[in-house]
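The chain contents come next:
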Amino acid sequence: MSNSTESISTHKVLQCVTFPPRGFSIGIFGKRSTPWIYSVPTIESQILIMYIVTQLFHFPLKHLGFPKLASEIFAGLILGSTFLGRYKSYQETLFPLPSQSILGALSTFGFLLFLFLSGVKMDTSMTRKIGRRALVIGVLNHMVPLVTGMITIYALSSSFYQEGASPLSTPLEVISIAKTSFPVISFLLKDLGLLNSELGRLALSSALISDLLGVTINAISALVVTRPIIFGLAVPEGPPLGSTLVDKLDPFASSFLLPIFVSLMSLRTNLSAINPSSSYTFANIVLLCVASLSKILACLLPMLYCKMPLNDAAAISLIMSTRGVVDLATYSFLRDNKVINQASFAFMVITTAISSIFVQIMVKWLYDPSRKYAGYQRRNLMNSNNKLPILFCIHNQDNTAAILKLLENSNPTRDFPIVANVLHLIELRGRASSVFISHQVQTKAISDVSYSENVILAFQGYERNNYGAVTIQAFTAISPRNLMHEDICTLALDVLASIIILPFHRKWAVDGSVEVEDHGLRALNCSVLERAPCSVGILVDRGQLRRSTSVRASPNIYSVAILYFGGNDDQEALAFAKRMAISGIISLTVIQLISKQDMSSDVDRVIDLDVVGDWKHSRSGWENVNYIEHHVNEATETTLLVRSLVDDYDLIITGRRNNTHSPLTAGLEEWSEIPELGVIGDMLASRDLNTRASVLVIQQQQTAI
């Protein structure tokens, strides 16, 4: 059977092929020695070669900030007609003509599946809540480059048409440059880790408006992109159906099939078709520069007018001007339908690679979300007033009881009120954009699903029972687990929290064994400890275990102990314990461990003596407070003492004491399993320590300057 098609070198050839093609090789023991006459081994080899070449590019380039899309394009150029594809033996062996249609169908299926899943993850309710800034950016981002590009075409018409370009090709080039694809922006923000940042939310909203406007204007884009996205929009986003589809299919589509599609698009690119000295190439460069610059300015100037910082405005302008896999598909569609020629196609593929590299590197340099967490004032417990703002983080219903117990024993009264900001954190699944809900401002949820109803009702009930002493402000954040620290730290900054309380990543069963260990939650806690704009406490909850029969632990009194070694973190822990003891409801024991070989500086020792001295003076007359001193010589004695105390109290408070060296704990750091809790916290949260005592490890604000 004869077949006329386009090879890697884009020349039309006539070749006889067998139909239907042979699928599976019979192995090395067959009569035929070469596997390349079979379609399955050939396709597998092609995919493997693409993957290997892509990784060879991506491994060094990722350290320079290059996106993986650029490595996939470079791999296709190396394997295509620009370089290796010029050799006939290589082309006939690894990329024979019959296999190209199969590989093309497989990669196209991957691209369509990617678009379908993008539609599934797209939250259409965003269109009802888009602000004025996002609307202005979205409209201007599409219309301004469209108008300036058309004007440029008119001014350079002689350069475009003198080499045989069709009257339709250059306007369609402008339309493809002007449009902004929502899946591309979402993919970029995910790579940059900015999905749930303020900048990321604004970019996604603007991209949605710009994409919808572009689809309305551009019929070509509608043919390529709209149909699979519309099918995806028919599926409800989020759990249960949308999240299940995304969880099962997205890794296969985005990580396996989509890179094949990108490499195949660039594999069909012939850079030799570009003539650097021709007026047509010069006109294309001018058109690209004018349209891209106007696209950037269309976002930059309105943001500067709205008083946005220059770096942030420049970052969002670059994000909105980036190009990606959807743009490559559009260029390929135009070329296959002979709307644009091979030179224009090659030029647009190269500019897509350059755009993705430039935007990703520049956005990382311009925008650092953590810089806003730098504390320009002290936000900790030692410098707080009578009204104490606390941010409590909850991941599931099991955390609610422990947080309420800690809140109850933190002495909320009318004289010493507590503003409890409760943040319910939910992992983003089946959505492209993160969601942040303030239940004070937004009484109705963004959808019919109530994500935090049980948590909110529990805390509102506690607020009613303690009217005037506790104020509850509830929030819900739906975001990727690796980016939840942005929501936590941003909210702590907005509500001026003095301390953030995080749940520990382990959950104990009733018999004292570890039931669940969430490593993702542990990584989140570490990220918050590094970036928090205030003090941080990690609550190790063992409250569900049976109570101890120790004679020191009264069944009617909540017994709290603080282990004081010295340092900023222990001083912060002492300030929290002091507030808990004011009401007289709990029993508090301050246990100070003193070393005869103290190696701390004179200044540190004087500060600790002053803090403890003030504590002793202020506690005079408090019957519910005890003070105990233990003189310890070495770390072994410290370990034995701490282990002997764990069954005597309901809650033990200690400082993290990160990077603080003391003879009391010398050598214990090497055996620490959970460094984010510090040496003493790690000891108290150990698996082999069968105790009922919960632990609160406190770190004082790190970023104050």
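Owing to the predicted nature of the structure, the values given are computational and were not obtained by experimental measurement. (Residues numbered from 1 in each chain as written. Predicted model: local features only at pLDDT ≥ 70, side-chain atom pairs only at ≥ 80, totals over all residues. Heavy atoms only, no water.)

## Here we look at the overall build of the protein
Let me state the cut-off plainly: Put simply, DSSP marks the helices as runs of H or I at least four residues long and the strands as runs of E at least two long, and each gets a number from the N terminus on. The buried label goes to any residue with under 20% of its type's maximum accessible area, the exposed label to any with over 50%, and the partly exposed label to all in between, with areas taken from a 1.4 Å probe on protein chains only. Contacts: residue pairs with any heavy atoms within 4.5 Å of one another. Only the protein chains shown count as cover for residues, and all accessible areas are computed by the Shrake-Rupley method using a 1.4 Å probe.
The helix and strand inventory of the protein stands at 23 helices and 15 strands. Out of the 705 residues in the protein, the part that is buried amounts to 55%. The long-range share in the protein, meaning contacts at least 24 apart out of those at least 6 apart in sequence, stands at 82%. Carbon and sulfur atoms make up 59% of the accessible area of the protein, which amounts to about 31,800 Å² in all.

## Here's the deal with the pairing of strand E6 (residues 470-479)
Spelled out, the test is: A strand pair is defined by DSSP finding two or more bridges across the two strands.
With eight of 10 residues buried, E6 lies mostly within the body of the structure. Bridging between strand E4 (residues 418-427) and E6 involves 10 bridges; their strand directions are parallel. Opposite Asn421, over in E6, you have Gln473 as the bridge partner.

## Thoughts on the packing of aromatic side chains
What counts here: The aromatic pairing rule takes the rings of Phe, Tyr and Trp, using the six-membered ring of Trp, and pairs them if the centres are within 6.5 Å, calling planes under 30 degrees apart stacked, those over 60 edge-to-face and the rest tilted. Consider the ring centre and the ring normal. A charge sits over the ring if Lys NZ or Arg CZ is within 6 Å of that centre and within 35 degrees of that normal.
Tallying each qualifying case throughout the model produces six aromatic pairs. Here the aromatic rings of Phe504 and Trp508 are separated by 6.1 Å at their centres, their planes lie at 15°, and the arrangement is stacked. Phe504 sits in the buried class, given a relative accessible area of 6%. Taking relative accessible area as the criterion, Trp508 reaches 1% and is therefore assigned buried. Sitting over the ring of Phe345, Arg335 keeps its end group 4.7 Å from the ring centre. If you follow Arg542 out to its NZ or CZ, it ends over the ring of Trp508, 4.2 Å from the centre.

## Focus: the confidence of the model for the protein
Rule in force here: For every residue, the pLDDT score states the predictor's confidence, bounded by 0 at the bottom and 100 at the top.
Confidence along the protein averages 80 in pLDDT terms, with 82% of residues attaining 70 or more. Throughout residues 1-10 the model reports pLDDT below 50, and contacts reaching past four residues in sequence, or to other chains, amount to 35 contacts.

## Looking at the sheet that holds strand E11 (residues 559-564)
We apply this condition: For helices, the fitted axis covers only the stretch in contact; all axes are lines through C-alpha atoms, and the angles between them, taken along N-to-C directions, range from 0 to 180 degrees.
Here we have 11 strands laid out as an open sheet, ordered E5-E6-E4-E3-E7-E10-E15-E14-E11-E12-E13, and mixed in their pairing. At either margin of the open sheet sits one strand with a lone partner, and together these are strand E5 (435-438) and strand E13 (625-632). The mean inter-strand angle of the sheet, taken between neighbouring strand axes irrespective of direction, is 20°. Where helix H16 (residues 398-408) meets the sheet, its contacts fall on strand E3 (388-394), E4, E6, strand E7 (499-503), strand E10 (535-540), strand E14 (651-655) and strand E15 (694-699), and the angle it forms with E3 comes to roughly 165°. Sheet contacts for helix H17 (residues 453-465): E3, E4 and E6; angle to E6, the most-contacted strand, approximately 170°.

## Here's the deal with the packing of helix H5 (residues 132-155) against helix H7 (residues 169-178)
Spelled out, the test is: Roughly parallel means an angle under 35 degrees; roughly antiparallel, over 145; roughly perpendicular, 65 to 115; everything else is oblique. Whether a crossing is left-handed or right-handed is set by the direction in which the near helix is turned from the far one by less than a right angle, anticlockwise for left-handed and clockwise for right-handed.
Put simply, H5 and H7 touch, their axes get as near as 8 Å, and they point 155° apart. Considering their axes alone, H5 and H7 lie roughly antiparallel with respect to each other. Relative to H7, the crossing made by H5 is right-handed. Residues Asn141, His142, Pro145, Leu146, Gly149, Met150 and Ile153 of H5 lie in contact with H7, whose contacting residues are Thr170, Pro171, Val174, Ile175 and Ala178.

## Some details on helix H15 (residues 342-366)
Filter applied, for reference: Given a helix with a known number of residues, its expected span is that number minus one, times 1.5 Å.
Here H15 spans 36 Å end to end across 25 residues, near enough to the 36 Å set by a 1.5 Å rise per residue. Of all the 25 residues making up H15, 18 are buried; the element is thus mostly covered by neighbouring parts of the structure.

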